[in-house]
Amino acid sequence: MKTLFIIGSFFPSQKGGPDSSIFWLVKSLSKASYSQNLVLSFFDGLSSQDIKKFKIEKNKICKIKGVNAIFFSYFIFKIFSFGYWSYLIKNCKKYDLVNINSYFFSISILSALIFKFRGVKYYLSLRGEIFKETLKYNYFLKILL
């Protein structure tokens, strides 16, 4: 099974909780001989030491402790990443399932629309984003969405 994971930042970044939890999930799945996984993330929250240590190159597949990931560059906001959109449109049909991490991540809805129109199975991981306590942050935007 080929699975694609989409996340705003990813291990070795420690910008958010999912950075590490998605890493460990994908690492475990990748150990299964029947599973091929790739993480799409952004060049965000990475230290120069980690970039050197893991030989991370923008817009190219990197292997981080056995996990394949692509860290895309972007212009000002992540939604303005030509490399991300190009990769997604060209390759989304190659995956059996896509995990989109975070409903309120700026590219989630547009990515989901692409998957919907291309007939690719996907799901959104909300990770507590619609709990009453978390809705108070960016309230109007979240209610609109």
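Refer to the structure above for everything that follows.
Reading the values: rules and limits
Residues numbered from 1 in each chain as written. Predicted model: local features only at pLDDT ≥ 70, side-chain atom pairs only at ≥ 80, totals over all residues. Heavy atoms only, no water. Pairing = 2+ DSSP bridges. Helix = DSSP H or I, 4+ residues; strand = E, 2+ residues; numbered from the N terminus. Axes fitted to C-alpha atoms, helices over the stretch in contact; angles between N-to-C directions. Expected span 1.5 Å × (residues − 1). Buried < 20%, exposed > 50% of the residue type's maximum accessible area, 1.4 Å probe, protein only. Arc of directions from axis to C-beta. Contact = heavy atoms within 4.5 Å.

## Notes on the sheet that holds strand β6 (residues 122-125)
Hydrogen bonds between backbone atoms are what pair the strands of a sheet, whose relative direction is either parallel or antiparallel. Strand order in the open sheet made by the six strands is β3-β4-β2-β1-β5-β6, with mixed pairing throughout. Looking at which strands have only one partner, the edges of the open sheet turn out to be β3 (61-64) and β6. This sheet shows a mean twist of 25 degrees between the axes of neighbouring strands, independent of strand direction. Bridge analysis of strand β1 (residues 2-6) against strand β5 (residues 97-101) gives four bridges, and the strand direction is parallel. Bridge assignment links Leu4 to a residue of β5, and that residue is Val98.

## Focus on helix α1 (residues 17-30)
Look at α1: 20 Å from first C-alpha to last across 14 residues, which is about the 20 Å you get at 1.5 Å a residue. Taken residue by residue, α1 has Asp19, Ser20, Ile22, Phe23 and Val26 as its buried positions. Taken around the axis of α1, the buried residues stretch over an arc of 165 degrees, which confines them to a single face. Along α1, exposed side chains directed more than 90 degrees from the buried face belong to Gly17 and Trp24. Residues of α1 that are buried in the fold lie against β1, β2 (36-42), β3, β4 (67-72) and β5.

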